[in-house]
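# Chain and residue survey
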2 protein chains.
Amino acid sequence: MSGKRPRVSEAEATAGNGILDRRCFLAAGSLGSAAALVPLPVAAADGLAVEPWMTEPGSPFVGYGQPSKFEAKVVRTFASAPGTTGTGSSRSPLHQLDGAITPNGLHFERHHDGIPDIDPDAHRLLIHGLVNRPLVFTLETLARYPMETRIAFIECAGNSGSLYQKEPASLGAQALHGLVSCAEWTGVRLAILLDEAGVDPRAQWLLAEGADAASMSRSIPMAKAMDDAMLALYQNGERVRPSNGYPLRLLLPGYEGNMNVKWLRRLKATEQPTMTKDETSKYTILLPSGKSLQFVFPMQAKSVITRPSPGTSLKGRGLYEISGLAWSGNGKITRVEVSADAGKSWAPAALQEPVLAKALTRFRIPWRWDGGLTVLQSRATDNTGYVQPTREALVAERGTKALYHFNGIASWAVDEHGELRHVYG
Amino acid sequence: MSGKRPRVSEAEATAGNGILDRRCFLAAGSLGSAAALVPLPVAAADGLAVEPWMTEPGSPFVGYGQPSKFEAKVVRTFASAPGTTGTGSSRSPLHQLDGAITPNGLHFERHHDGIPDIDPDAHRLLIHGLVNRPLVFTLETLARYPMETRIAFIECAGNSGSLYQKEPASLGAQALHGLVSCAEWTGVRLAILLDEAGVDPRAQWLLAEGADAASMSRSIPMAKAMDDAMLALYQNGERVRPSNGYPLRLLLPGYEGNMNVKWLRRLKATEQPTMTKDETSKYTILLPSGKSLQFVFPMQAKSVITRPSPGTSLKGRGLYEISGLAWSGNGKITRVEVSADAGKSWAPAALQEPVLAKALTRFRIPWRWDGGLTVLQSRATDNTGYVQPTREALVAERGTKALYHFNGIASWAVDEHGELRHVYG
């Protein structure tokens with residue numbers, strides 16, 4: 001059956017320094033062969049060793065499963081503010097994951113006073129303010145409503161924020177960009193409940209408040225609340241985890257993570273934004289002029305190469321797949337280009353179907369490493385036509401003291417040993 | 001902002017006994033209001049109680065998260081063969097989940113001698129038999145190959161098997177139908193490696209063998225191996241769990257679960273099927289004639305209502321969402337119809353987008369329960385035109401002693417208290 005497909009060894013470079021055509025591997029309906037592209041595997045001798053796990057019965061069943069003990073290093077890394085245990089963030093190990101879904105145990109977190117241990121039977125959601133009928137919902141009541149499911153990313157506004165700094169931090173994909181994750185969320189569309197409460201036309205904003213000890217609160221534009229906002233009850237099939245808002249979180253697809261209020265207990269319709277501590281003292285973008293941008297909501301188009309990246313070094317010259325994640329809070333990713341020559345030339349990567357709006361999109365492209373020094377970069381475009389900017393362009397606009405909404409092109413330098421490090425391209 | 005959308009209270013029944021039009025809730029771009037459809041929530045008094053979890057700092061970060069302690073009942077149920085701890089199966093709690101993805105901790109399992117604890121550094125995959133070049137792969141070698149991602153269900157051939165029996169078992173969705181799950185799988189397309197080994201044209205079959213103590217083995221048609229078969233390394237973003245084949249499983253989208261060999265160690269190209277113990281003593285369909293059907297591979301179109309179902313009773317008359325899962329091993333689900341009058345009338349449910357081939361598809365339809373006795377059913381159709389048969393039609397063909405590939409219509413009876421039970425419709 002071999003020989004019926006085009007040999008990948010015939011593939012031609014489509015960009016500088018070894019980037020090959022994405023169709024080598026991922027063309028719809030026609031699959032290339034990898035022959036001559038990857039190092040040849042060891043030739044078989046006389047079969048395989050009989051390993052110890054084949055000679056005795058394995059482990060029994062358990063009600064709720066866990067990863068292999070050999071994957072114990074695949075964890076979130078986290079840091080807390082001094083004097084606290086639960087004020088800070090944890091980051092997804094992007095370099096150790098593949099696909100687009102983040103498993104629930106590894107979804108990034110940002111907490112402002114730890115993870116509350118909420119009894120779902122005691123939890124209530126209040127909708128009040130400028131509404132005709134203030135309403136209180138129990139979880140049992142909410143379960144009667146029609147639900148919907150969507151796959152969506154959530155990204156902390158502070159993700160990649162250190163790339164604003166003058167010098168590149170010596171960190172990898174997890175530490176730099178790990179405040180983004182993606183899950184399948186299921187819940188009740190917020191507009192249904194707002195319609196039931198009857199929102200006064202003067203109410204252009206909605207205060208969303210969490211049941212954590214920080215009462216983390218944000219002002220949400222009513223237009224977003226009436227559009228695709230969801231009260232999420234399930235995450236990747238099971239109830240939302242405590243670290244992601246159990247028993248109920250607000251999901252605002254594409255908006256900065258902080259607004260996707262966890263442990264949601266209250267929604268108040270208001271004429272103006274409430275100017276909470278969480279949207280005045282934080283989550284604003286400081287500009288060189290000393291003024292700040294406030295209420296910057298959608299996370300703009302962005303991409304990051306996760307493999308290879310620092311911590312997943314190259315093992316000798318030859319063929320590799322460059323793979324990463326792209327996303328846009330404004331819609332669908334339409335194009336991701338990859339460069340293996342520090343941005344001098346670019347080639348389009350394959351996008352893993354289905355490409356969904358406001359969800360992580362996995363991209364892949366084959367690359368033949370010649371063993372030399374180089375810089376790898378990726379650049380995303382979304383269906384509004386927006387193109388991920390260079391770091392230089394972003395810093396020129398916002399300076400080096402901004403913290404939030406960094407979405408510039410990120411760069412990994414490859415050294416002669418195949419080790420990768422973060423650089424400014 | 002209320003009143004701009006059609007009121008759902010205007011919705012008309014589209015099938016007998018209270019089934020409403022699916023567009024009440026899920027029409028593309030226009031969302032109905034639930035007013036008058038669900039019981040009114042409690043009116044707000046003077047705000048909300050301050051619960052204890054709002055008065056003290058919450059829990060700190062952990063590297064790998066877990067569900068809430070209040071969800072401790074959401075587990076797989078399992079049974080082992082007498083004298084063993086790891087020969088049997090565990091079932092996903094379908095009635096407690098929503099969406100289409102199954103979280104990794106709750107994916108169903110079927111083991112033939114427990115779960116091996118495989119050291120990935122020692123694990124090898126051998127491709128041999130009728131090939132030009134026998135090859136051995138380490139996991140590190142496999143990681144060099146191009147990967148792909150797809151969302152796919154896996155269903156045990158024995159799922160729902162008790163519905164062949166003469167009397168309906170008094171069980172719910174988990175116990176009857178919980179041997180099906182769905183995940184996002186990422187790995188290397190098998191055809192790439194087979195091309196590299198160079199398969200002899202005489203080889204029409206492939207023996208796949210696991211590294212468990214049972215050496216669970218199945219014969220795979222070469223046509224399937226060269227089509228959409230995958231060597232899966234990642235499940236919902238992280239490495240495949242030990243209970244699902246760590247570090248490597250064969251994924252044959254749509255084919256009976258048993259053929260998706262876990263802990264894959266060997267693929268041997270052969271002219272004929274190998275007739276292993278696992279495909280002769282088991283996984284054949286016994287017919288009334290005493291003959292058996294062997295090598296029945298794709299799981300045919302099927303659906304099951306998960307909510308309401310036994311264990312999730314109705315709380316008084318009024319509006320509910322009927323929701324469930326549909327799937328086909330032969331392609332995409334194109335239609336799911338729901339009946340609330342024991343099959344006398346049917347209405348099409350809304351299918352949650354994106355509808356993917358060989359993946360679970362969530363369906364939903366609103367229903368107004370009048371408090372009376374009735375029987376709920378669902379019926380799936382796939383893009384080959386195949387329609388899920390009645391139980392009667394399936395039993396007429398295969399008798400009551402068959403075990404595998406049951407895909408007939410399942411029925412839940414509703415009593416006057418809103419309790420549900422399994423019946424033959």
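Positions within a chain are numbered from 1, following the residues in the order the chain's sequence is written. Key to labels: chains lettered from A, ligands numbered from 1, both in the order written. Totals for whole chains, interfaces and linings use every residue, but because this is a predicted model, local features are given only for residues with pLDDT of at least 70 and side-chain atom pairs only at 80 or more, for both listing and counting.

Quick look at the environment of Thr149(B) now. Mapped onto the elements of the fold, Thr149(B) is located in strand E9 (residues 148–155). Linking Thr149(B) and Arg266(B), residues 117 residues apart in sequence, is a C-alpha distance of 22 Å. Residues contacting Thr149(B), with those up to four places away along its chain left out, are Gly99(A), Ala100(A), Gln352(A), Arg362(A), Glu184(B) and Thr186(B). Runs of E in the DSSP output that reach at least two residues are strands. Runs of H or I that reach at least four are helices, and both are numbered from the N terminus. Contact between residues is assigned whenever the C-beta positions, reconstructed from backbone atoms, fall within 7 Å.

Residues and elements named next belong to chain A. Geometrically, the link from arginine 307 to proline 308 is a cis peptide bond, its omega value of 0 degrees lying close to zero. The residue proline 308 is located in the loop between strand E17 (302–307) and strand E18 (318–327) in this model. Of the consecutive residues glutamate 353 and proline 354, the connecting peptide bond is found in the cis state with omega at -5 degrees. Note on placement: proline 354 falls in the loop between strand E21 (350–351) and strand E22 (361–369). The phi torsion at serine 215 lies on the positive side, around 45 degrees, for a residue other than glycine. The backbone phi angle of phenylalanine 295 is positive, close to 60 degrees, even though this residue is not glycine. Mapped onto the fold, phenylalanine 295 is located in the loop between strand E16 (292–293) and E17.

This brings us to the relation of the copies chain A and chain B. All copies are superposed by least squares; the fitting set is the C-alpha atoms of residues with a pLDDT of at least 70 in both. With an RMSD of 0.0 Å, the fit of chain A onto chain B corresponds to turning through 180 degrees and sliding 0.0 Å along the axis. Within this description, the copies of the chain are treated as partners about a two-fold rotation axis. Most of the interface of chain A is mirrored in chain B: 100% of its interface residues are interface residues there too.

Quick look at helix H4 (residues 190–197) of chain A now. Residues and elements named next belong to chain A. Taking burial as the measure, the eight residues of H4 include eight buried ones, the bulk of the element. Neighbour density around each residue's C-beta defines its exposure: 20 or more other C-beta atoms within 10 Å make it buried, 12 or fewer make it exposed, and counts between make it partly exposed, where C-beta atoms are placed from the backbone. Within H4 the residues assigned to the buried category are Leu190, Ala191, Ile192, Leu193, Leu194, Asp195, Glu196 and Ala197. Structurally, H4 contributes buried residues whose contacts are with strand E5 (125–129), strand E6 (135–137), strand E8 (180–189), helix H5 (222–225) and strand E11 (230–235). Glycine 198 occupies a position one or two residues after H4 and carries a positive phi of about 75 degrees.

Turning next to the environment of Thr400(A). Among the structural elements, Thr400(A) can be located in the loop between helix H7 (391–398) and strand E24 (411–414). Contacts of Thr400(A), omitting those with residues within four sequence positions, involve Tyr164(A), Gln165(A), Lys166(A) and Val395(A).

On to helix H7 (residues 391–398) of chain B. All names here are of chain B. Where H7 is concerned, the buried positions are Arg391, Leu394, Val395 and Arg398. Within H7, the buried residues cover an arc of 95 degrees as seen down the axis, which keeps them to one side. Opposite the buried face of H7, at more than 90 degrees from it, the exposed residues are Glu392, Ala393, Ala396 and Glu397. Against strand E17 (285–286) lie the buried residues of H7. Glycine 399 occupies a position one or two residues after H7 and carries a positive phi of about 80 degrees. Working note: the arc is built from the helix axis to C-beta atom directions.

Residue and element names in this part refer to chain A. As annotated, the domain borders come from an automatic or database domain assignment. Entries for chain A in the domain assignment read domain 1 (125–287) and domain 2 (302–423). In this structure, domain 1 and domain 2 have C-alpha centres spaced 28 Å apart. Taken together, the contact pairs 27 residues of domain 1 with 28 residues of domain 2. Only strand E7 (148–155), helix H3 (173–177) and strand E15 (285–286) provide two or more residues apiece to the side of domain 1 that touches domain 2. Three categories are distinguished: nonpolar for Ala, Val, Leu, Ile, Met, Phe, Trp, Tyr, Cys and Pro, charged for Asp, Glu, Lys and Arg, and polar for the others, with Gly belonging to the last. Of the residues in the side of domain 1 that touches domain 2, the class split is 18 nonpolar, eight polar and one charged.

This part covers the pairing of strand E23 (residues 374–382) of chain A. Residue and element names in this part refer to chain A. Two strands make a pair as long as DSSP finds a minimum of two bridges between them. Strand direction decides the pairing type here: strand E19 (residues 333–339) and E23, joined by six bridges, are antiparallel. Note that in E23 the partner of glutamate 337 across the bridge is arginine 379. Of the strand pairs in this sheet, E23 and E24 are connected by four bridges, and their pairing is antiparallel. In the strand pairing of E24, leucine 376 is matched with tryptophan 412.

Take the sheet that holds strand E20 (residues 347–348) of chain A next. Taking strand neighbours across the sheet as the criterion, the five strands line up as E20-E19-E23-E24-E25 (chain A) in an open arrangement whose pairing is antiparallel. Each edge of the open sheet is held by one strand with a lone partner, namely E20 and strand E25 (420–423) of chain A.

So, on to the interface of chain A and chain B. The interface is formed by 117 residues belonging to chain A together with 117 residues belonging to chain B. Of the residues belonging to the side of chain A that touches chain B, the class tally is 59 nonpolar, 32 polar and 26 charged.

All names here are of chain A. One open sheet holds the four strands; their spatial order is E17-E18-E22-E21, and the pairing between them is antiparallel. The open sheet is flanked by E17 and E21, the only strands paired with a single partner. Across nine bridges, E18 lies against E22 in antiparallel orientation. What sits directly across from leucine 319, in E22, is arginine 368.

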